[in-house]
Amino acid sequence: MDEDRWIEVDGLHKIYRPRRSRPTHALSDITFTVRRGEFVSVVGPSGCGKTTLLKILAGIVPRSEGTVRVADRDVTGPLPEVGMVFQAATLLPWRTILQNVMVPVEVRKLDTRVYRERAKRLLGMVGLDGFEGTYPHELSGGMQQRAGICRALVHDPAVLLMDEPFGALDAMTREYMNVELLRIWRESGQTVVFVTHSIPEAVFLSDRVVVLSPRPGRIAEIVDIGLDRPRALAAMASDRAGVHVARIRAHFSIAGVIDS
Amino acid sequence: MKRLRVDLRERPELLLVPAVFVVVMLAWEFAVPAFGVDDYVLPRPSQILDALRTQLADPLFWGHLKVTVLESLYGFLLGVGAALVLGTAISQVRLIERTFMPYVVAFQTVPKVALAPLFVVWFGFGMTSKVVMAAVISFFPMLVNVIEGLRSADADRIQMLTVFGAGKFQVFRMVRLPSALPFLFAGLDIGIVFSILGAVVGEFIGAKEGLGYLLLQTNYNFDIAGMFAVLVVLSVLGLIAHFVIRFAQKRLVFWAEENRVLGA
């Protein structure tokens, strides 16, 4: 397996063709690779197709053209090597937190006993030990999203896809979750593709940031962040971080789009 | 004692509901003679209570009660079971939906009660015609709720399961069915009350036993207090059925934000 091309997207186009209206060109000629263990963010203005890109990687939206490979496999449907965190935590309200985290194990019919231990360990890692038996509505939004992250990691996927996972949280919780996510990522070692519309968040988290232009989404630039790891929130005050943020933001100001 | 006082402050209805009952009964009791209404036209609550006591002591009454309960229960199970099967098929298979939905809509507009004489002709004076009536009348509210409930599943939750590799049946079992539970219980709740209604209507048309038959008998005999007593029994029957369903619902659908109800 080629660890430098752990995720490979080559010449990807996505055109939506609704039956009763004109086709929409959502993604145009997207080409990039992600190394194994790398943290890559995708930023872009609303409607640039960044969520579509993630759904194509997750295998739930078919591509129109091009190559998409994840962990050396052609993506033609949902792969067991992939875990995903969604915009809303989308926990099932009739299941306890532990039962929610176990959903991928149940769906893929993996060994429940082995993975239940892993699920409990993950819940402990995100500070949810003791909440295994509680129901989602008893938890705060941040806690629910942490359970959602555990669910995405429980079957030990090679790749973690995250679709604006902290967008619904307040600013303080969001910063805290960013720090938490980096810690979890350091411990679990997954390859992460993280979609966000917050440029500072992308810079803080990522090794590289893929900048998408407004519709049709094409790659405007891929920015190497190169800040030292492990990162604390203070890293965001550094000049280098500031330069990156300004540079990425410039893409959208030129296009006349204002976004965070 | 202290705990009781706190409970009442938080839930004043615990005191107010019985209070209203007592006030209305007292007013009724004294208004009937005060306005010079004849007892046999509108009996006083105390007379209804007497009539009820007499009936409860009569073994024949318990026979009537048993018949109506069984008719309602069998009809309910039959109607609700059929609605579950057809509703699931309609909500999951597009072709079945397109074929049968027009008939469902058409039959829904038929006043089901008007079918009762027909059922008596077809199925006789025994229990069968009432069971069929109860089944038909509880079928439609359940069917509507099954279809609507199985369609109510949140698209994001379905997408989440799909990403993790779930197939159609897993999605059905893990998301669609639990999401439908509040609707299913709404259907069961309406259905059980309707099935009693169906059984009684069936007994009105032609029967040799049952509470509906008893109601007609008391009516012919101008035993209005006795009629009221039967009505009280029927109401209690409906209440018990309703609370059994509610109890099961609270246990099973504890997670629901709100229970949306679809009527017939």
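Keep in mind that this is a model prediction, so the values were computed, not measured.

1. Notes on the overall build of chain B
Then, number 1: Counting secondary structure elements, chain B contains 11 helices and 0 strands.
Then, number 2: The secondary structure elements of chain B, listed N-terminal to C-terminal, are α-α-α-α-α-α-α-α-α-α-α.
Then, number 3: The dimensions of chain B, computed from C-alpha atoms along their principal axes, are 75 × 60 × 30 Å.
Then, number 4: Burial statistics for chain B: of 264 residues in total, 36% are counted as buried.
Then, number 5: Taking as baseline every contact in chain B between residues at least 6 positions apart, the subset at least 24 positions apart corresponds to 76%.

2. So, the UniProt feature "domain: ABC transmembrane type-1" (unreviewed entry) in chain B
Then, number 1: The positions UniProt marks with the feature "domain: ABC transmembrane type-1" (unreviewed entry) are residues 61-245 of chain B.
Then, number 2: Helix makes up 86% of residues 61-245 of chain B and strand 0%, with an end-to-end C-alpha separation of 26 Å.

3. Re the UniProt feature "domain: ABC transporter" (unreviewed entry) in chain A
Then, number 1: Mapped onto this numbering, the UniProt entry gives "domain: ABC transporter" (unreviewed entry) at residues 7-239 of chain A.
Then, number 2: Secondary structure content for residues 7-239 of chain A is 31% helix and 26% strand, and the end C-alpha separation is 31 Å.

4. A look at the sheet that holds strand β9 (residues 208-212) of chain A
Residue and element names in this part refer to chain A.
Then, number 1: The mixed open sheet is built from 6 strands, whose spatial order is β6-β7-β8-β3-β9-β10. Looking along the sheet, the strands with just one partner apiece sit at the ends: β6 (82-85) and β10 (219-224). Put simply, the sheet's adjacent strands are angled 15 degrees from each other on average, direction ignored.
Then, number 2: Inspection of the sheet shows β9 paired to β10 by 5 bridges, in the antiparallel sense. Bridge pairing in β10 places Leu212 opposite Ile219.

5. Considering the sheet that holds strand β2 (residues 24-34) of chain A
Residues and elements named next belong to chain A.
Then, number 1: Here 4 strands make up an open sheet; going across it, the order is β2-β1-β4-β5 and the pairing antiparallel. Each end of this open sheet is capped by a strand with a single partner; those strands are β2 and β5 (73-74).
Then, number 2: Note: strand β1 (residues 7-16) against strand β4 (residues 65-70), 5 bridges, orientation antiparallel. By the bridge assignment, Val9 is partnered in β4 with Val68.
Then, number 3: Here helix α1 (residues 50-58) sits on the sheet in contact with β1, β2 and β4, set at roughly 60 degrees to β2.

6. Remarks on the interface of chain B and chain A
Then, number 1: Contacts between the two partners involve 14 residues from chain B and, on the opposite side, 17 residues from chain A.
Then, number 2: Looking at the side of chain B that touches chain A, the elements that each hand over two or more residues are α8 (155-163) and α9 (168-205) of chain B.
Then, number 3: Sort the elements by how many residues they give to the side of chain B that touches chain A and α8(B) lands first, with 7 residues.

7. What about the UniProt feature "transmembrane region" (unreviewed entry) in chain B?
Residue and element names in this part refer to chain B.
Then, number 1: Cross-referencing UniProt, the feature "transmembrane region" (unreviewed entry) maps to residues 12-35, 72-91, 103-125, 131-150, 183-205 and 225-245 in the present numbering.
Then, number 2: Taken end to end, residues 183-205 comprises 100% helix and 0% strand; its first and last C-alpha atoms sit 32 Å apart.
Then, number 3: For residues 225-245, the end-to-end C-alpha separation is 31 Å, with 100% helix and 0% strand making up the annotated structure.

8. Things to note about unusual backbone geometry
Residues and elements named next belong to chain A.
Then, number 1: Cis geometry is found at the peptide bond from Arg229 to Pro230, where omega equals -10 degrees.
Then, number 2: Checked against the element boundaries, Pro230 lands in the loop between β10 and α8 (239-254).
Then, number 3: Phi angles above zero are rare outside glycine, and Asp29 is one such case at about 50 degrees.
Then, number 4: Tracing the chain through its elements places Asp29 in strand β2.

9. Focus: helix α5 (residues 94-108) of chain B
Residue and element names in this part refer to chain B.
Then, number 1: With 15 residues, α5 ought to run about 21 Å at 1.5 Å a step, and its terminal C-alpha atoms sit 20 Å apart, in line with that.
Then, number 2: Residue Phe100 marks the point of greatest curvature in α5, where the axis turns by about 40 degrees; the proline Pro102 follows within four residues.
Then, number 3: Among the 15 residues in α5, 0 count as buried, and that is only a small part of the element.

10. Some details on the nonpolar core
One recurring pattern in soluble globular proteins: nonpolar side chains tend to sit buried together.
Then, number 1: Ranked by size, the top nonpolar core spans 82 residues in total, and within it A:Leu57, A:Val101, A:Cys150, A:Val154, A:Leu161, A:Val193 and A:Val209 carry the most contacts.
Then, number 2: Here A:Val209 is in contact with A:Ser41, A:Val43, A:Ala202, A:Val203, A:Val223, A:Ile225 and A:Ile248, once residues within four sequence places are set aside.
Then, number 3: Counting residues in hydrophobic clusters, the runner-up holds 55 residues, among them B:Val67, B:Phe185, B:Ile196 and B:Tyr213.

11. Considerations on helix α7 (residues 127-151) of chain B
All names here are of chain B.
Then, number 1: Relative to the 36 Å expected for 25 residues at 1.5 Å per residue, α7 spans 36 Å between its end C-alpha atoms, a close match to the ideal helical length.
Then, number 2: By the largest-angle criterion, Phe139 marks the main kink of α7, which is about 30 degrees, and a proline, Pro141, follows within four residues.
Then, number 3: Of all the 25 residues making up α7, 22 are buried; the element is thus mostly covered by neighbouring parts of the structure.

How each quantity is defined
- Throughout this document, residue positions are counted from 1 along each chain, in the order its sequence is written.
- By the order in which they are written, chains take letters starting at A while ligands take numbers starting at 1.
- With pLDDT at 70 or above as the cut-off, local features in this predicted model cover only qualifying residues; side-chain atom pairs require 80 or more to be listed or tallied, and sums for whole chains, interfaces and linings still use all residues.
- Secondary structure elements are defined from DSSP: runs of H or I of at least 4 residues count as helices, runs of E of at least 2 residues count as strands, and each element is numbered from the N terminus.
- Three exposure classes are used. Buried residues have 20 or more other C-beta atoms within 10 Å of their own C-beta, exposed residues have 12 or fewer, and partly exposed residues fall in between, all C-beta atoms being placed from the backbone.
- Any residue pair is listed as a contact if its two C-beta atoms, each placed from the backbone, are within 7 Å.
- UniProt positions are given in the numbering used here, feature names are shortened, and annotations may be inferred rather than shown by experiment.
- Think of it this way: DSSP has to see at least two bridges between two strands before they count as a pair.
- Structural elements are reduced to axes, namely lines fitted to C-alpha atoms, with helices fitted over the stretch in contact, and the angle between N-to-C directions of any two is expressed from 0 to 180 degrees.
- The span one expects for a helix is its residue count, reduced by one, times 1.5 Å.
- We define the bend at each residue as the angle formed by axes fitted to the 7 residues ending at it and the 7 residues starting at it.
- Buried Ala, Val, Leu, Ile, Met, Phe, Trp, Tyr and Cys residues whose C-beta atoms connect them within 7 Å together make up a nonpolar core.

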